[in-house]
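Chain residues, written in single-letter form:
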Amino acid sequence: MRLSPRDMVLAALFAALAAVAAIMVRYGSPALVPFSLLPFVALLAGGMLGPRLGALSMLIYVLMGLAGVPVFAKPPFGGPAYVLQPTFGFLLGFICAAWVTGALAPPQKSPGPARYFLAMLAGLAVIYLIGLPYMYLIVNFYLGKAMPPMQVIKVGFLPFIGFDLLKAAAAAALAAVVQRRLQAAVQGK
């Protein structure tokens, strides 16, 4: 994958935004799945950077954490053992969600707000489709606690879906506005 200096800066910027969004959560309540702005950042990365750079930015964030940089929301905040956390699947989901969002609404084609929102919804679905089964597997088979699928949905989906839909709408609106302004600036040259 060949990256220009601009691409590197944009990917690093969104990786840093993800780290900031995760660190902000540390001061909330200690829930199994904490409230986070990370879905907003992942969806926005895909919508503004496209599939390749959006997914790369979230991959950089996850790799930083796995390398030991304390950028994750819950203790131990980083390190390779974090893959055994029940919420690690959501982090993998962020990578895929950024790719899906960017693929469905590529910024180069100037999609409108409705198309951005549909792409954000698809990305949000990907986050849950990866995160919830991962949580189920880790809690039931690694931690050895019985958590039926409906309980996983009650813990990892129902409390968050309303806010995540708002985050998807906000990310779609922001991506559309930024894209429109970038187009206007390019045409104004």
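The preceding data block contains the structure.
Here we summarise the structure given alongside this text.

**Observations concerning the overall build of the protein**
- Across its full length, the protein holds 6 helices and 0 strands.
- Taken from the N to the C terminus, the helices and strands of the protein come in the order α-α-α-α-α-α.
- The dimensions of the protein, computed from C-alpha atoms along their principal axes, are 60 × 30 × 30 Å.

**Concerning the packing of helix α2 (residues 38-66) against helix α3 (residues 88-104)**
- Viewed as axis vectors pointing N to C, α2 and α3 meet at an angle of 150°, and their least axial separation amounts to 7 Å. With respect to α3, the element α2 is oriented roughly antiparallel. Here the hand of the crossing between α2 and α3 comes out left-handed.
- Here the residues of the contact of α2 with α3 are counted per class, giving 19 nonpolar, 6 polar and 1 charged.

**Thoughts on a nonpolar patch on the surface**
- On the surface, a cluster of nonpolar side chains totalling about 590 Å² of accessible area is made up of V20, M24, F35, L37, F163 and L166.
- Tracing the backbone shows L166 in helix α6 (residues 158-187).

The rules we used
Residues numbered from 1 in each chain as written. Predicted model: local features only at pLDDT ≥ 70, side-chain atom pairs only at ≥ 80, totals over all residues. Heavy atoms only, no water. Helix = DSSP H or I, 4+ residues; strand = E, 2+ residues; numbered from the N terminus. Axes fitted to C-alpha atoms, helices over the stretch in contact; angles between N-to-C directions. Parallel < 35°, antiparallel > 145°, perpendicular 65-115°, else oblique. Left-handed = near helix turned anticlockwise from the far one by under 90°. Nonpolar A, V, L, I, M, F, W, Y, C, P; charged D, E, K, R; others polar. Patch = residues over 30% accessible without salt bridge, like charges linked within 9 Å, V, L, I, M, F, W, Y side chains within 5 Å. Areas by Shrake-Rupley, 256 points an atom, 1.4 Å probe, with all protein chains shown as cover. Salt bridge = Lys/Arg side-chain N within 4 Å of Asp/Glu carboxyl O.

Worth remembering: the numbers are spatial, not functional.
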